[in-house]
Amino acid sequence: MILIPSLLLAFAVLQTPTHSELNELVESLRVTHAPDQRIQWWDVHVEKGESGWRVHGSLSSEETYAAVKQAFEQHPEVDNQLVLLPEDGTGTLVNALVNNSVIHLRREPSSKTELVTQALLGIPIRVLKTERGKCLIQVPDGYIGWVNSAEVHRVDQEQLKSYRNAEKVIFIAQSGLAYSAPDATSMPMSDLVIGNMVCKVSEQSGYTQIQYPDGRIGWVDSRQLCPADAVFFQKALQNNLVATARKFHGIPYLWGGMSSKNIDCSGLICNVYFMNGIQLPRDSNMQSQIGREVTTEFVSDDLEPGDLLFFGRKATSNTKEHVTHVAMYIGNDEFIHSAGYRERVSINSMDSSQPNFIDSYPAIFVRAVRIIGEDPNGFRPIPENDFYNAIIRSTE
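Residues numbered from 1 in each chain as written. Predicted model: local features only at pLDDT ≥ 70, side-chain atom pairs only at ≥ 80, totals over all residues. Heavy atoms only, no water.

A. Looking closely at the overall build of the chain. Broken down by element type, the chain carries 10 helices and 25 strands. Viewed in the frame of its principal axes, the chain has a C-alpha envelope of about 95 × 55 × 45 Å. If you take every contact in the chain between residues at least 6 apart in sequence, the share linking residues at least 24 apart comes to 60%. For the chain, the computed accessible surface area is about 19000 Å², with 50% contributed by carbon and sulfur atoms. Taken as two groups, the 34 positive and 47 negative side-chain charges of the chain have centres that lie 3 Å from each other. (Helix = DSSP H or I, 4+ residues; strand = E, 2+ residues; numbered from the N terminus. Contact = heavy atoms within 4.5 Å. Areas by Shrake-Rupley, 256 points an atom, 1.4 Å probe, with all protein chains shown as cover. Lys, Arg positive; Asp, Glu negative; His and termini not counted. Charge placed at Lys NZ, Arg CZ, Asp CG, Glu CD.)

B. Representation of the packing of aromatic side chains. In this structure the tally under the stated criterion is 9 aromatic pairs. Ring centres of Phe-232 and Tyr-388 lie 6.0 Å apart, and the angle between their planes is 50°; this geometry places the pair in the tilted category. Placement of Phe-232 in helix 5 (residues 228-232) and of Tyr-388 in helix 10 (residues 386-389) is noted, with a sequence separation of 156 residues between them. As far as burial versus exposure is concerned, Phe-232 and Tyr-388 are alike and both buried. Judged by centre distance (4.7 Å) and plane angle (50°), the rings of Phe-311 and Tyr-361 are tilted. One end of the pair, Phe-311, is in strand 20 (residues 308-313); the other, Tyr-361, is in helix 9 (residues 361-364), with 50 residues separating them in the sequence. By relative accessible area, which is 0% here, Phe-311 ends up buried. (Phe/Tyr/Trp six-rings, centres within 6.5 Å; stacked < 30°, edge-to-face > 60°. Buried < 20%, exposed > 50% of the residue type's maximum accessible area, 1.4 Å probe, protein only.)

C. View of the nonpolar core. Ile-137, Phe-232, Tyr-273 and Met-328 are the most contacted members of the largest nonpolar core, which has 71 residues in total. In terms of residue count, the dominant contributor to this core is helix 7 (residues 265-274) (7 residues). Contacts of Ile-137, omitting those with residues within four sequence positions, involve Ile-103, Leu-105, Ile-125, Arg-126, Val-127, Leu-128, Tyr-143, Ile-144, Gly-145 and Val-147. The next biggest cluster of nonpolar side chains, apart from the first, holds 16 residues, and it includes Leu-25, Trp-53, Phe-72 and Val-78. (Core = buried A, V, L, I, M, F, W, Y, C linked by side-chain atoms within 4.5 Å.)

D. Region of interest: helix 6 (residues 238-246). Taken together, the buried positions of helix 6 are Leu-241, Val-242, Thr-244 and Ala-245. The buried residues of helix 6 occupy an angular sector of 165° when projected down its axis, which confines them to one face. Packing partners of the buried residues in helix 6 comprise helix 7, strand 21 (322-331) and strand 22 (334-339). (Arc of directions from axis to C-beta.)

E. Structural detail: the sheet that holds strand 1 (residues 42-49). The strand order across the open sheet built from 3 strands is 1-2-3, with neighbouring strands paired in mixed fashion. Lying at the two open borders of the sheet, with one neighbouring strand each, are strand 1 and strand 3 (79-84). Ignoring which end each strand starts from, the neighbouring axes of this sheet average 10° apart. Two elements, strand 2 (residues 52-59) and strand 3, share 6 bridges in a ladder whose sense is parallel. When the bridges of strand 3 are listed, Gly-57 appears paired with Leu-82. Each of strand 1 and strand 2 touches helix 2 (residues 19-33); the most contacted strand, strand 1, lies at about 170° to it. (Pairing = 2+ DSSP bridges. Axes fitted to C-alpha atoms, helices over the stretch in contact; angles between N-to-C directions.)

F. Spotlight on the pattern of salt bridges. Taken as a whole, this structure holds 20 salt bridges when the rule is applied. Close ionic contact of Asp-36 with Arg-38 constitutes a salt bridge, the shortest N to O distance being 2.8 Å. With a shortest N-O distance of 3.3 Å, Glu-131 and Arg-132 are connected by a salt bridge. For Arg-132, a relative accessible area of 75% corresponds to the exposed category. Look at the salt bridges and you will find they share partners, linking Asp-36, Arg-38, Asp-264, Arg-282 and Asp-283 into a network. (Salt bridge = Lys/Arg side-chain N within 4 Å of Asp/Glu carboxyl O.)

G. Molecular detail of empty space enclosed by the protein. By the definition in use, this model includes 2 cavities of 30 Å³ or more. Here the largest cavity defines a volume of roughly 240 Å³. Around the largest cavity, the lining comprises 18 residues; the ones closest to its centre are Leu-120, Ile-123, Met-258, Phe-274 and Tyr-388. Counting residues per element, the ones that place at least two in the lining of the largest cavity are strand 6 (115-120), helix 7 and strand 18 (278-279). Tallying contributions element by element places strand 6 first for the lining of the largest cavity, with 4 residues. Here the residues of the lining of the largest cavity are counted per class, giving 12 nonpolar, 5 polar and 1 charged. Residue lining of the second largest cavity: Ala-166, Lys-168, Ala-228, Asp-229, Phe-232, Ile-391, Ile-392 and Arg-393, and that is the complete set. (1 Å grid on protein atoms, 1.4 Å probe; cavity = no way out; pocket = protein on both sides within 12 Å on 5 of 7 lines; lining within 4 Å. Points joined across faces, edges and corners; volume = space filled by probe spheres on them. Nonpolar A, V, L, I, M, F, W, Y, C, P; charged D, E, K, R; others polar.)

H. Here's a closer look at the sheet that holds strand 19 (residues 292-295). Pairing in this open sheet of 6 strands is antiparallel, and the strands run 19-24-20-21-22-23 from one edge to the other. Looking at which strands have only one partner, the edges of the open sheet turn out to be strand 19 and strand 23 (344-349). This sheet shows a mean twist of 35° between the axes of neighbouring strands, independent of strand direction. Two strands pair when backbone bridges link them, and strand 20 and strand 21 are joined in this way by 6 bridges, in the antiparallel orientation. Its bridge partner lying in strand 21, Arg-313 is registered against His-322.

I. Layout of the pairing of strand 11 (residues 168-171). In strand 11, alternate side chains face the same way, and those of Lys-168 and Ile-170 on one face and Val-169 and Phe-171 on the other are all buried. Sheet topology note: the strand 11/strand 14 (residues 197-204) ladder contains 3 bridges and is antiparallel. Across the sheet, residue Val-169 finds its bridge partner in strand 14, namely Val-198. Where strand 11 and strand 17 (residues 225-227) come together, 3 bridges link them in antiparallel fashion. Note that in strand 17 the partner of Phe-171 across the bridge is Leu-225.

Read these as layout, nothing more, since geometry by itself doesn't imply function.
Next comes the structure, spelled out in structure tokens:
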């Protein structure tokens, strides 16, 4: 009579997972359901509580949250305290707008940590959670990072509807200013960079009165603005891509830069295509997997302006492909790119006889990809992006 309970107890002990086993489960779930934490928040931990094991933390994806919840249902002895973001529990995709010309998204809630990307004035974002004056946000290309809370303006559903229905304009000059009056000698309201989006209020004396997300009013030279719909719904053309790219020439290089203040290689490509109606993935290795492959040789015969050129290390029998840089072909054997070694956006040549030829590039060329004229494959017209779709006026 004494042996049976002892055996049952021993069996129960054997079936209780160890800390190591639970951590292995968490890691396997992360690898399967959240392999790229640039675009998905994963903060999952297992620890011993007063009454046993508990799993806690937060996730940004409903699908991943459901998968993790299901996995831990097989371990009822583990208390599941995971939270699905956003923390307000509304499930709303867009709940804020960027309120400065450029804001910096960082890896951790500290200005001393890595800059992962930037976001521009007026774009729709998702605030996931707040913490000591910082917000964890997600931007339309999927990237996630921490920003200063004061740099974003929270909106409820009524305010979002008003923003959606408002006439919006986009700043198209490389850089400039909004003024306190329709006069360039008046007090500046703020700086502006290409791609900034604001609401149009009125026009006077060659200036457009604009409204910021937080309600501030300013005036901008009307020649530096265009209707947002003209950007959102345009058909991308080769010559327009090249003209847009040239606006960024000379802009300083910055790892994580995504604006005409400072920009990195893939940030340049994202900006150029966005201003021509197409939303691309954020990073060069992501961009290398979209569109249609044109060539894997560093030659210009088959290339067209607007094609993306990728550099790094080709795959071999022993190593995986590793893309580290992207440029855009602009014709006549030349390409434009934001290169760290030059510390600015520059134009270089594929022709070894030209002074702007880079002799190291042919050896590290991986492939060329075409976006223009191809069926969407990893890229989408701006109106098909869920974030932008929430703030674009109906065309009906």
